[in-house]
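Residue-level structural notes
If you want the building blocks of each chain, they are given just below.
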Amino acid sequence: MLRAFRIGVAVIGCALFASWAPWPAEAACQLIKATHSADSPAEAAQMSRALALESADDLKQAKGWSSVSLTAHKVKGDPFWKMVRPDGVPAEAQLKPDIVTPRFYTTCFTGVVVPYVCTTGSSVCGQ
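The rules we used
Residues numbered from 1 in each chain as written. Predicted model: local features only at pLDDT ≥ 70, side-chain atom pairs only at ≥ 80, totals over all residues. Heavy atoms only, no water. Buried < 20%, exposed > 50% of the residue type's maximum accessible area, 1.4 Å probe, protein only. Helix = DSSP H or I, 4+ residues; strand = E, 2+ residues; numbered from the N terminus. Pairing = 2+ DSSP bridges. Disulfide = S-S within 2.5 Å. Expected span 1.5 Å × (residues − 1). Contact = heavy atoms within 4.5 Å. pLDDT = per-residue confidence, 0-100.

**Some points on the pairing of strand β5 (residues 116-126)**
Burial analysis of β5 places 10 of its 11 residues in the buried class, the great majority of the element. In this structure, strand β1 (residues 28-38) lies alongside β5, joined through 11 bridges in antiparallel fashion. Paired with S37 across the strands is V117, a residue of β5. Relative to β5, strand β2 (residues 68-72) runs antiparallel, the two being bridged by 5 bridges.

Shown next, in the form of structure tokens:
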């Protein structure tokens, strides 16, 4: 009987400790996308990824996160001239293949005024 009582107290004690212990908060995630133009698709892609990193850092500071992780997330091309392309990037303007890395998903297309434009998407999760 005494043994059963001790086991019961131990189980309740562990449950209370687990509910009050200072475990790290769950990660919160947010989708970011960045668009940049350039004279070449490679330069536009590189610059859109750099802008995405800046956005991730800004988000980290704004949310007070101590760390962030980025995961590639497919996004549609985001044209600058929405008056000319109100329905988004037409199929004939899209460049293939998309550039996918573990951290970034980049889609490029020909621009209306600039030669090339790339949009990069990433899911940013922080704690």
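**Looking at the state of the cysteines**
For the structure shown, the criterion picks out 2 disulfides. A sulfur-sulfur distance of 1.9 Å marks the disulfide that ties C29 to C125. Handedness here is read from the sign of the S-S torsion; for C29 and C125, about 105°, the answer is right-handed. Linking C29 in strand β1 with C125 in strand β5, this pair joins segments that are 96 residues apart in sequence. Overall, C125 belongs to the buried group, its relative accessible area being 15%. In this model, C108 is linked to C118 through a disulfide, with the two sulfur atoms separated by 2.0 Å. Judged by the sign of its S-S torsion, about 105°, the cystine formed by C108 and C118 is right-handed. Placement of C108 in strand β4 (residues 105-110) and of C118 in strand β5 is noted, with a sequence separation of 10 residues between them. Indicated for the protein is the disulfide connectivity 1-4, 2-3, based on numbering the bonded cysteines in sequence order.

**Quick notes on helix α2 (residues 41-63)**
An α-helical segment advances 3.6 residues per turn. Residues three or four places apart therefore align on the same side. Here α2 contains 23 residues, and its C-alpha end-to-end distance of 33 Å stays within 8% of the 33 Å for a straight helix at 1.5 Å per residue. Turning to α2, its buried residues are A44, A45, S48, A52, A56 and L59. In this structure, the buried residues of α2 make contact with β1, β2, β3 (94-100), β4 and β5. Among the residues trailing α2, G64 stands out with phi positive, at a value near 75°.

**Let's talk about the confidence of the model for the protein**
As a general rule, the predicted coordinates of low-pLDDT regions are not to be interpreted in detail. Predicted confidence across the protein gives a mean pLDDT of 85, with 79% of residues reaching 70 or more. Looking over the protein, one finds the lowest element-wise mean pLDDT in helix α1 (residues 2-20), namely 43, and the highest in β2, namely 98. Confidence drops under a pLDDT of 50 for residues 1-23, and excluding neighbours within four residues, the segment shows 1 contact in the predicted structure.

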